[in-house]
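Listed here are the chains, written in short residue letters.
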Amino acid sequence: SSGINAEYGLDYVMEEEFLGKPFLYKFIYLIAGFWTFKMKFYGGWVLAEGICIACNLGTEEKEDGTVDYSSIINIDIYGTEVSWELAHCVRAWNKTIQQWMKIYVYDTTQLPKSVRTDFVFALSAFWHGIRPGYYLTFLSAPPMIKLQQKVGNLTRKARENNQTYEMIYRVVNWVTVRVVSGMILAPFYILDLNKILALYSSMNWVPQYSIGAVVLLSIILPQGERPPKPKAS
């Protein structure tokens, strides 16, 4: 992936030459750049998992003699790339930290459930550091997750018995997640507020207007009928 990363490296988005490119070029470049950015994490995590397995670290032998490696599996590449909902992509990314945050933050906080996700993402941003880019990225995700959940609830009945509607729904969501990810994750890499604002300004603030629309829709749309919880076996 080094050749691809050289072609679509995110360092380029901070250069004056990039800011002067046409909107469509920058739009596509950010999506492709985010994809190459993820490759570094995939390689590092998979290598670390292999080392742990080879050293028998973090493994658990079950009663039937099989070995459970789930405690050291930190990335579900298939889930990250194929999932059509941002919430699923988030759960597939950095899984051990996700589990820790759920057990010790989401499940234990006394905050209302409606804001727990926002709190967890804010804490994740603080975990990474205090640079503005972290907060712009992490706090942009919860509205998108809530909006997808509401749209899913509101369209569930129409999709249940219509495979065509379901396929269209999944494809549109898959594309949306990739586009949104490319837009909201640029600040995570750039970090500096002035450079982030320069990038968004060169794109006529379309990413920010889009995020603003997502936030508004996530608030005003009704919750819809939630999916039934699976019955305990």
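Residues numbered from 1 in each chain as written. Predicted model: local features only at pLDDT ≥ 70, side-chain atom pairs only at ≥ 80, totals over all residues. Heavy atoms only, no water.

Caption draft 1: Spotlight on the overall build of the chain. When helices and strands are counted, the chain shows 13 helices and two strands. A compact globule built from 233 residues would reach a C-alpha radius of gyration of about 17 Å, and the chain, at 20 Å, matches this within 12%. For the chain, the spread of C-alpha atoms along the three principal axes comes to 60 × 45 × 40 Å. With 233 residues in all, the chain has 34% of them scored as buried. Nonlocal contacts in the chain, meaning residues at least 24 apart in sequence, comprise 60% of its contacts between residues at least 6 apart. Approximately 14,300 Å² of the chain is accessible, and the part contributed by carbon and sulfur atoms is 62%. Placing the 22 positive and 20 negative side-chain charges of the chain at their respective mean positions leaves the two points 9 Å apart. (Helix = DSSP H or I, 4+ residues; strand = E, 2+ residues; numbered from the N terminus. Rg over C-alpha atoms; globule rule 2.2 N^0.38 Å. Buried < 20%, exposed > 50% of the residue type's maximum accessible area, 1.4 Å probe, protein only. Contact = heavy atoms within 4.5 Å. Areas by Shrake-Rupley, 256 points an atom, 1.4 Å probe, with all protein chains shown as cover. Lys, Arg positive; Asp, Glu negative; His and termini not counted. Charge placed at Lys NZ, Arg CZ, Asp CG, Glu CD.)

Caption draft 2: Examining unusual backbone geometry more closely. For Asn 94, which is not glycine, the phi dihedral falls at a positive 50°. With respect to the helices, strands and loops of the structure, Asn 94 is situated in the loop between α5 (86–92) and α6 (95–106). One non-glycine residue with positive phi stands out, namely Asn 204, at about 60°. In this fold, Asn 204 is placed in the loop between α12 (193–202) and α13 (206–220). Accessibility expressed as a relative area gives 54% for Asn 204, which makes it exposed.

Caption draft 3: Representation of the packing of helix α9 (residues 141–160) against α13. Between α9 and α13, the shortest axis-to-axis distance is 8 Å and the interhelical angle comes to 50°. Between α9 and α13, the crossing angle belongs to the class labelled oblique. Judged by the twist between their axes, the crossing of α9 over α13 is left-handed. Contacts from Pro 143, Met 144, Lys 146, Leu 147 and Lys 150 of α9 reach α13 at Val 214, Val 215, Leu 217, Ser 218 and Ile 219. (Axes fitted to C-alpha atoms, helices over the stretch in contact; angles between N-to-C directions. Parallel < 35°, antiparallel > 145°, perpendicular 65-115°, else oblique. Left-handed = near helix turned anticlockwise from the far one by under 90°.)

Caption draft 4: Summary view of the side chain of Ser 83. Looking at where Ser 83 falls in the secondary structure, it is placed in the loop between α4 (77–82) and α5. At 2.5 Å, the side chain of Ser 83 forms a polar contact with the backbone oxygen of Gly 79. Leaving out residues up to four positions away in the same chain, Ser 83 has contacts with Tyr 78, His 88, Cys 89, Trp 174 and Arg 178. (Polar contact = N/O pair within 3.5 Å; in protein donor to acceptor, adjacent residues only side chain to side chain.)

Caption draft 5: Looking closely at helix α10 (residues 163–184). Look at α10: 31 Å from first C-alpha to last across 22 residues, which is about the 32 Å you get at 1.5 Å a residue. All of the buried residues along α10 are Glu 166, Tyr 169, Asn 173, Val 177, Arg 178, Val 180, Ser 181, Gly 182, Met 183 and Ile 184. The N-terminus of α10 is capped by Asn 162, whose side-chain oxygen sits 3.0 Å from the backbone nitrogen of Thr 164. (Expected span 1.5 Å × (residues − 1).)

Caption draft 6: Molecular detail of the packing of aromatic side chains. As enumerated under the stated definition, the model contains 18 aromatic pairs in all. Measuring from ring centre to ring centre gives 4.9 Å for Trp 45 and Trp 93, while their planes differ by 75°; the resulting arrangement is edge-to-face. With Trp 45 in helix α3 (residues 23–54) and Trp 93 in the loop between α5 and α6, this pair connects stretches of sequence that are 48 residues apart. On the basis of relative accessible area, Trp 45 is assigned to the buried category, the value being 17%. By relative accessible area, which is 23% here, Trp 93 ends up partly exposed. What links up through ring pairs into an aromatic cluster is the set Phe 37, Phe 41, Tyr 42, Trp 45, Trp 93, Phe 121, Tyr 134, Phe 138, Phe 188 and Tyr 189. In this structure, Arg 116 is placed above the aromatic ring of Tyr 106, and the distance from its NZ or CZ to the ring centre is 5.6 Å. The cationic tip of Arg 159 hangs over the ring face of Tyr 169; the distance from NZ or CZ to the ring centre is 3.8 Å. (Phe/Tyr/Trp six-rings, centres within 6.5 Å; stacked < 30°, edge-to-face > 60°. Lys NZ or Arg CZ within 6 Å of the ring centre and 35° of its normal.)

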